[in-house]
Each structure stands twice: as structure tokens, then as C-alpha cells.
Amino acid sequence: MSIKITNECVNCGACVIECPNNAIYEEGMEWSYSDGTSLEGILNHRGENINAKEKNEPLSYDFFYIVPEKCTECRGFHDVPQCAAVCPVDCCVKDEKNIESINELNFKKNKLHCE
Ligand code: SF4
Ligand code: SF4
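A brief report on the enclosed structure follows. (Residues numbered from 1 in each chain as written. Chains lettered and ligands numbered in written order. Predicted model: local features only at pLDDT ≥ 70, side-chain atom pairs only at ≥ 80, totals over all residues. Heavy atoms only, no water.)

Here the focus is the site of ligand 1. As a matter of local geometry, ligand 1 sits amid I3, C19, N21, I24, I66, C71, T72, E73, C74, P81 and C83. Among the cavities detected, the one that contains ligand 1 is the largest cavity. Classifying every residue of the shell around ligand 1 by side-chain character gives eight nonpolar, two polar and one charged. (Near = heavy atom within 4 Å. 1 Å grid on protein atoms, 1.4 Å probe; cavity = no way out; pocket = protein on both sides within 12 Å on 5 of 7 lines; lining within 4 Å. Sits in = over half its atoms within 2 Å of the grid points. Nonpolar A, V, L, I, M, F, W, Y, C, P; charged D, E, K, R; others polar.)

Below is the structure:
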């Protein structure tokens, strides 16, 4: 399952640099799969071929947000979600609407890092 940011976020930005997948964005910012990487294309978990450089609408205009398609709970990089570990107000929580198996999380991680 991915992690989500709740409306208790104080927009401090501390979580952004901790994310190994560049999955966290400031409110109002567009996102893409390739942000911070040289990724050009990606086959997502639904079997769709995606232009990784394509910009997508922000998921929040009020507080920092996590892109579920890019969050892997830090698998392969850290034992625990780093955003949750550094957040001063504990507003990075499990997203019950995006429950995924370890295999699915590993699949995402490998695609995002071209393995
Ligand atoms: S859990 Fe890890 S991969 Fe997911 S948003 Fe937080 S820092 Fe990024
Ligand atoms: S560390 Fe927590 S409060 Fe700060 S921007 Fe990230 S989610 Fe929001």
C-alpha cells in the first residue's frame, strides 16, 4: 500500500528529499513519472504504456501530496517509509484505498528504477 499525506500537513517540505522515488510534491505542482530521473517510458501496474515525461495534474492544491503510482513504501531503499519517519506532525499515513502486495510494490520499484 502506498503512503498518503493528510490535511494535517504543515507544508514544511522535509519529506521531499527523503523519498527515493521522487513521489512527493508540493501543493499545486504537476507531477510525472520521470521527475528527478532519466526515465522515458514506463509500463505501469495496469499494463499501460506511459510516457514517463508526461505532466499530470496536481493531486492537491492545499498541502503536499504523494503520487500513489510512485510510492513503494521505500521498498529496496529503507526499512520504513522515510516520509513518515521525518514528518514533524505524523501526517504520512497508510493509504487504505491503495493496498498493494509486496510483489506489487517491488514491481513498481523496479519499473521506476529501470531494473
Ligand atoms: S513511503 Fe517512501 S516511497 Fe513512499 S512517498 Fe514516502 S518516502 Fe516516498
Ligand atoms: S514532512 Fe509532513 S508536514 Fe512536512 S511537508 Fe511532508 S507531509 Fe507535510
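From this point, things continue past the structure.
Right, let's get into the site of ligand 2. Ligand 2 sits among 14 residues. The nearest are C9, C12, G13, C15 and C87. Counting atoms within 2 Å of the grid points, the majority share of ligand 2 lands in the second largest cavity. Per-class residue counts for the shell around ligand 2 are twelve nonpolar, two polar and no charged.

Going through the model one piece at a time under the given rule, you end up with two salt bridges. Its salt-bridge partner being E100, residue K108 comes within 3.1 Å of it at the nearest N-O pair. Accessibility assignment for this pair places K108 and E100 in one class, buried. (Salt bridge = Lys/Arg side-chain N within 4 Å of Asp/Glu carboxyl O. Buried < 20%, exposed > 50% of the residue type's maximum accessible area, 1.4 Å probe, protein only.)

Attention now goes to the side chain of S2. The topology assignment puts S2 in the segment before β1 (3-5). In this structure, S2 is in contact with P68, C71, E73, V93, K94, D95, N98 and E100, ignoring residues within four places of it in sequence. (Helix = DSSP H or I, 4+ residues; strand = E, 2+ residues; numbered from the N terminus. Contact = heavy atoms within 4.5 Å.)

What follows is about empty space enclosed by the protein. Under the definition given, this model contains three cavities of 30 Å³ or more. Here the largest cavity defines a volume of roughly 90 Å³. Of the residues in the lining of the largest cavity, the class split is ten nonpolar, two polar and one charged. Its boundaries defined by the atoms lining it, the second largest cavity holds a volume of some 70 Å³. Together, I5, C9, V10, C12, G13, C15, F64, C87, P88, V89 and C91 line the second largest cavity. Its residues assigned to classes, the lining of the second largest cavity shows ten nonpolar, one polar and no charged. (Points joined across faces, edges and corners; volume = space filled by probe spheres on them.)

We now examine the layout of surface pockets. Each pocket or cavity is described by its volume, and for the largest pocket that value is around 160 Å³. Contributing to the lining of the largest pocket are S2, I3, K4, I5, T6, L59, S60, F63, Y65, I66, P68 and D95. Elements with a minimum of two residues in the lining of the largest pocket: β1 and β5 (65-66). Top element by residues in the lining of the largest pocket is β1. It accounts for three residues. Among the residues making up the lining of the largest pocket, the classes are represented as seven nonpolar, three polar and two charged.

Attention shifts here to the packing of aromatic side chains. The tally for this structure, following the rule as stated, stands at two aromatic pairs. For the pair Y25 and Y65, a centre-to-centre distance of 5.6 Å together with 20 degrees between the ring planes defines the contact as stacked. Separated by 40 residues along the polypeptide, Y25 in strand β2 (residues 24-25) and Y65 in strand β5 bring together distant segments of the chain. On the basis of relative accessibility, which here comes to 4%, the residue Y25 falls in the buried class. Seen in terms of ring centroids, W31 and Y33 are 5.3 Å apart; in terms of plane orientation they differ by 70 degrees. Their pairing is edge-to-face. (Phe/Tyr/Trp six-rings, centres within 6.5 Å; stacked < 30°, edge-to-face > 60°.)

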